[in-house]
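Structural description and commentary
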Amino acid sequence: ECTDEIETIYSNREQKETPKTALLLDAAILRRDLYKLLVSVDSVNVRKCIATNSNGKDVQDTITQMVFSLLRRINSHPNAPSMRLSTIMAVDCLREIELSDTGYQMLLDHLLSSTQSSSKAIYVKFYAEIVSECNVYASPSRLLQALVRLMRETLYIKKTEKACEQDSQDYKAESKAVEKTLLQAISQIMVRRSNILRSLNIEAGRNLSKLYSSYKLMIRRISTVYDKVSCWTHPDVRNYSQEQVVSVLQAEGILSLFCWDETDDEQSETSVHSLQALEGSHPLLSLRAAHDRLGPCLGFDKLLSHSSSYVMKAESFLEG
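Note that the structure is a prediction, hence the values are computed from the model and not measured.

How each quantity is defined
Throughout this description, residue numbers start from 1 for each chain and increase along the sequence as written. Totals for whole chains, interfaces and linings use every residue, but because this is a predicted model, local features are given only for residues with pLDDT of at least 70 and side-chain atom pairs only at 80 or more, for both listing and counting. To obtain the side-chain values, all non-hydrogen atoms of the structure were used and water was disregarded. Strands here are runs of E lasting at least two residues and helices are runs of H or I lasting at least four, both read from the DSSP assignment and numbered beginning at the N terminus. The span expected for a helix works out to 1.5 Å for each residue beyond the first. For the exposure calls, accessible area comes from a 1.4 Å probe over protein chains only, and a residue counts as buried if that area is under 20% of its type's maximum, exposed if over 50%, partly exposed in between. Here, a salt bridge means any Lys or Arg side-chain nitrogen found within 4 Å of an Asp or Glu carboxyl oxygen. Each patch groups residues whose relative accessible area exceeds 30% and which form no salt bridge, using 9 Å between like charges and 5 Å between nonpolar side chains of Val, Leu, Ile, Met, Phe, Trp and Tyr. Exposure was quantified through the Shrake-Rupley algorithm and a 1.4 Å probe, taking into account, for residues, occlusion by the shown protein chains and nothing else. Between N-to-C directions, angles cover 0 to 180 degrees, with each direction set by a line fitted to C-alpha atoms, over the stretch in contact for helices. Any angle from 65 to 115 degrees is called roughly perpendicular, while one under 35 is roughly parallel, one over 145 is roughly antiparallel, and all others are oblique. Contacts are residue-level and defined by heavy atoms, with any inter-residue pair within 4.5 Å sufficient. By convention the crossing between two helices is left-handed if the near helix lies anticlockwise of the far one by an angle smaller than a right angle, and right-handed if it lies clockwise. For Phe, Tyr and Trp, rings pair up if their centres lie within 6.5 Å, where Trp contributes its six-membered ring, and each pair is then called stacked (planes under 30 degrees apart), edge-to-face (over 60) or tilted (otherwise).

**A few points about helix H3 (residues 56-76)**
Between its first and last C-alpha atoms H3 spans 31 Å; for 21 residues at 1.5 Å apiece the expected length is 30 Å, and the two agree. Where H3 is concerned, the buried positions are Val59, Thr62, Ile63, Met66, Val67, Leu70, Leu71, Arg73 and Ile74.

**Notes on the pattern of salt bridges**
Overall, the coordinates contain 12 salt bridges when judged by the stated rule. Residues aspartate 109 and arginine 149 are paired through a salt bridge, measuring 2.8 Å at the closest nitrogen-oxygen approach. Here aspartate 109 is found in helix H5 (residues 102-113), whereas its partner arginine 149 is found in helix H7 (residues 140-163), with 40 residues between them in sequence. For aspartate 109, a relative accessible area of 39% corresponds to the partly exposed category. When the shortest N-O distance is used, the salt bridge between lysine 228 and aspartate 227 registers 3.7 Å. Residues joined in a network through salt bridges with shared partners are Glu133, Arg192 and Arg288.

**Considerations on a nonpolar patch on the surface**
A cluster of nonpolar residues, Leu30, Leu34, Leu37 and Val41, forms a patch on the protein surface that exposes about 400 Å² of accessible area. Following the sequence through the fold, leucine 34 ends up in helix H2 (residues 25-51).

**Concerning the packing of helix H4 (residues 81-93) against H5**
With their axes 7 Å apart at the nearest point, H4 and H5 run at an angle of 135° to one another. When the axis of H4 is compared with that of H5, the two are oblique. Taking contact as the criterion, the partners of Thr87, Ile88, Val91 and Asp92 in H4 are, on H5, Gly103, Tyr104 and Leu107.

**Considerations on the packing of H2 against H4**
A pair of packed helices can be characterised by two numbers: the angle between their axes and the separation between those axes. Two numbers describe how H2 lies on H4: the axes approach to 9 Å, and their chain directions differ by 45°. Taken as axis vectors, H2 and H4 run oblique relative to one another. The two elements H2 and H4 cross, and the hand of that crossing is right-handed. Residues Tyr35, Leu38, Val39, Asp42, Ser43 and Arg47 of H2 pack against Ser82, Leu85, Ser86, Met89, Ala90 and Cys93 of H4.

**Observations regarding the packing of aromatic side chains**
What the rule picks out here adds up to 3 aromatic pairs. Summarising the aromatic geometry, the rings of tyrosine 212 and tyrosine 215 are spaced 6.2 Å apart at their centres and angled 40° between planes, so their arrangement reads as tilted. Taken together, the residues span about one helical turn, with tyrosine 212 and tyrosine 215 both in helix H10 (residues 209-225) at a distance of 3 residues. The two residues tyrosine 212 and tyrosine 215 agree in class, both being buried.

Shown next, in the form of structure tokens:
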């Protein structure tokens, strides 16, 4: 019976039906239990702090230690989606002990504050994956804060490049690669969350008016520096994906309506850097794919945004 079941699953895969895991039910349950155990171990010190009524600073310090530990694990296994998923589950579990999105905020802060060029691209991609996929960032206020933070970091990198014109060619190349990854992260989030961004305006929510104004200010600053299509896309991406990116960026006011007609002498240069930034990516290594391999599980169902919440096709162009 087991052999027949496995053959049926593989047959369905070949017919390109809905993707299914080859794990049997018992193996899937074991996999979920292992994730739960890992999350429990990762967050045990934070839970102890809360249980002993420690002061706020002690709790914050303990969460920081937890986040650093999680990032070291990701840095050791950059292409392992299971590591990223367990990290998300660990910070998300803090919401269950009345810490709101503190874990998420600290994680995003540390992802952007990394100064190691070898880790920067990995961390930026993970940042984009979190904001694009995690259900907590379906909140307009959290989404805008994350985008503003990312755009501010991008402009800082650009400013640093201009101030360090005498640096080595290797440093400039690394800086360009990080810059390109940041831009692609911004556009990935905007495409994935385009339904939320489209619904936003100052009239829609007075509580968001100040944050929305900050977001539009950053949009104007970004649009003056990165006003060419080649800044945001690369030749190896399928045409309809490029059109999605350009369409959303036009709607947000970053690219002009006539940007396709503009020439760009830097096309070849930016394309090379984008390919370097994208190296090693693969659709099966995504956070959502790792989550799907857990199978149906009520406790994890709300971790990522439901696929129906996305207007456009669920595809990350960061993965080419």
